[in-house]
Amino acid sequence: MRLVFSLVFILGIGIAGFAVYMAMQHMDNLSRENAALKIRASKVVDMGDVIVAAKEVRYGVPLKREHVKVIKFPKTAVPKTAFTSMDDLFGDENTPPRAVLRTMEPDELVLATKVTRFGQDAGVASRLNSGMRAFTIQVDVTTGVSGFLNPGDRVDVYWTGAINDRGQQGSKLILENVELIAVDQISDSDARRPVVARTITVEVTPSVVAVLATGQSTGRLSLSLRGVEEETTFGPLEITQREILGIQEATEKVEEQKCFTYERRGGDRVAIEIPCSN
């Protein structure tokens, strides 16, 4: 009897121990799953609405609702100039449409810099930043980089003319890294068509407008095309015709003024140098 009781007791302890072991394993699994869920939750990206192009939309086209769509986008990556609601982009049913300033590809973010204000067309005025002005420079095949200029390119501007009262010719770098907003009457930066321009229009400050206007009326303005990623500036740069030809200006010798007094010595008249009085 005692043997049976002992066996039952030992069996009970074994079952209880096994139950405790299984409970601990279950708790351990739950703890691991909970930690994994926390890690996954920390990696979840907060998403929000953003408006993108539903298809290709060309420059100058009035923007319509069928041109765009709403998608989910990480909120932390949304640009400040992006549109996040249809109402902000289109207004109400009586609001005049915006125009497209630059061709947009499918699924490209619609930004405020890529469309005009309500009711505004895609002309040059719509591309000017606050405080800036448009100024047109007359060019030809030599001064306009032989037809390689397109809206959106950046150029340096050189002035050539008489640099002193003696008519000595020279050239000066008067403006660096200025953006072209139109070539002739073309302001579409996506229209990459070779054309020998007669005029180019730049975006500059009012003070630079005065510089360019004076330069254009007193000499000739020439353009130098910059590389796409070129940001180097050189500052003041000037060269004269004499420097190109290696001619050195002759320096005039200024003779020192001399003053004299004269005395009679015997029968001779002798000149004696004295300090000159100013």
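Owing to the predicted nature of the structure, the values given are computational and were not obtained by experimental measurement. (Residues numbered from 1 in each chain as written. Predicted model: local features only at pLDDT ≥ 70, side-chain atom pairs only at ≥ 80, totals over all residues. Heavy atoms only, no water.)

Examining the environment of Tyr262
- Looking at where Tyr262 falls in the secondary structure, it is placed in strand S9 (residues 259–265).
- The exposure class assigned to Tyr262 is partly exposed, which follows from its relative accessible area of 44%.
- Distance in space between the C-alpha atoms of Tyr262 and Ile272 is 5.9 Å, their sequence separation being ten residues.
- Among all residues touching Tyr262, those that are not within four sequence positions of it are Arg269, Val270 and Ala271. (Helix = DSSP H or I, 4+ residues; strand = E, 2+ residues; numbered from the N terminus. Buried < 20%, exposed > 50% of the residue type's maximum accessible area, 1.4 Å probe, protein only. Contact = heavy atoms within 4.5 Å.)

Things to note about the layout of surface pockets
- Approximately 420 Å³ is the volume found for the largest pocket.
- Residues that form the lining of the largest pocket fall into these classes: five nonpolar, six polar and seven charged. (1 Å grid on protein atoms, 1.4 Å probe; cavity = no way out; pocket = protein on both sides within 12 Å on 5 of 7 lines; lining within 4 Å. Points joined across faces, edges and corners; volume = space filled by probe spheres on them. Nonpolar A, V, L, I, M, F, W, Y, C, P; charged D, E, K, R; others polar.)

So, helix H3 (residues 206–218)
- Across its 13 residues, H3 extends 19 Å between first and last C-alpha, which sits within 8% of the 18 Å expected from 1.5 Å per residue.
- Within H3, burial applies to Val208, Leu212 and Gly215. Buried residues in H3, looked at end-on, bunch into an arc of 65°, giving them a common side. Relative to its buried face, H3 has exposed residues pointing more than 90 degrees away, namely Ser207 and Ser217.
- Structurally, H3 contributes buried residues whose contacts are with strand S3 (133–138), strand S4 (154–162), strand S5 (169–183), strand S6 (199–204) and strand S7 (220–225). (Expected span 1.5 Å × (residues − 1). Arc of directions from axis to C-beta.)

Comments concerning the pairing of S6
- Counting buried positions along S6 gives five out of six residues, so the element sits mostly inside the fold.
- Both S3 and S6 contribute to a ladder of six bridges, which runs antiparallel. Bridge pairing in S6 links Arg133 to Val204.
- Where S5 lies against S6, three bridges are found, and the strand directions are antiparallel. Pairing of Ala182 across the sheet is with Thr201, part of S6. (Pairing = 2+ DSSP bridges.)

Overview of the packing of aromatic side chains
- Scanning the entire structure with this criterion turns up zero aromatic pairs.
- Above the face of the Phe118 ring, Arg98 is positioned so that its terminal group lies 4.0 Å from the ring centre. (Phe/Tyr/Trp six-rings, centres within 6.5 Å; stacked < 30°, edge-to-face > 60°. Lys NZ or Arg CZ within 6 Å of the ring centre and 35° of its normal.)

Things to note about the pattern of salt bridges
- Summed over the entire model, instances satisfying the criterion amount to nine salt bridges.
- Linking Lys72 and Asp49 is a salt bridge whose minimum nitrogen-to-oxygen distance equals 2.9 Å. On the criterion of sequence distance, the pair formed by Lys72 in strand S2 (residues 68–74) and Asp49 in strand S1 (residues 47–53) is long-range, its members being 23 residues apart.
- Relative accessible area serves as the criterion here: at 54%, Lys72 is assigned to the exposed category. (Salt bridge = Lys/Arg side-chain N within 4 Å of Asp/Glu carboxyl O.)

Observations regarding the side chain of His67
- Topologically, His67 is positioned in the loop between S1 and S2.
- Leaving out residues up to four positions away in the same chain, His67 has contacts with Val52, Ala53, Ala54, Lys55, Val57, Val61 and Pro62.

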